[in-house]
Amino acid sequence: MSLSLAPCTLAEANAFVRLHHRHHPPTPVAKYSIAAIKSGVVVGVVIVGLPKARLAMDGWTLEITRLATDGTPNACSILYGAARKAAFFFFKRLRYIVV
């Protein structure tokens, strides 16, 4: 079965992050979040919000603040791609934070 995408609420995404992210707590605010689904089960989420760095807050930039998966192959890639496509509807840049 292949991966599919679905919008999800920040509360749903934070619940997944709380269970699966190694070292970061859930994020309090976001512009949008997307879930990766396989066989009807959520296997990953990405949360996109405004940049944390003051100089990056130019009104045209978003930042991926959390990405968490359960280890499903290609889940990170599909979530990064979906976040990028969604961001470029209204914004010019998407920052990837690697921690």
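Details of the structure are given in the entry above.
Throughout, a residue's number is its position along its own chain's written sequence, starting from 1. pLDDT decides what is reported in this predicted model: residues at 70 or higher carry local features, side-chain atom pairs at 80 or more are listed and counted, and totals for whole chains, interfaces and linings draw on all residues regardless. Where side-chain values are given, they derive from all heavy atoms of the structure, hydrogens and water being excluded.

Undergrad: Would you mind going over the overall build of the chain in detail, with residue names and values included?
TA: Only runs of H or I of at least four residues qualify as helices and only runs of E of at least two qualify as strands under DSSP, and these elements are numbered from the N terminus. A tally of helices and strands in the chain yields two helices and five strands. The linear arrangement of helices and strands in the chain, starting from the amino end, is β-α-β-β-β-α-β. Exposed residues in this analysis have more than 50% of their type's maximum accessible area, buried residues have under 20%, and partly exposed residues fall in between, with area computed by a 1.4 Å probe over protein chains only. Across the 99 residues that make up the chain, the buried fraction comes to 38%. Long-range pairs, those at least 24 residues apart, make up 59% of the contacts in the chain between residues at least 6 apart in sequence. With residues, only the protein chains shown are counted as cover, and all accessible areas are computed by Shrake-Rupley using a 1.4 Å probe. Just so you have it, the chain exposes about 6100 Å², and 61% of that area is on carbon and sulfur atoms. Working rule for contacts: check all heavy atoms of both residues, and any pair within 4.5 Å makes them a contact.

Undergrad: Requested: an account of the side chain of Thr 65, with residues and values cited.
TA: Note that Thr 65 resides in strand S4 (residues 61-69). In this structure Thr 65 comes out as buried when scored by relative accessible area, which is 12%. For Thr 65, the residues in contact, after removing those within four places along its chain, are Thr 27, Ile 47, Val 48, Gly 49, Leu 50 and Lys 52.

The analysis is restricted to geometry; functional conclusions fall outside its scope.
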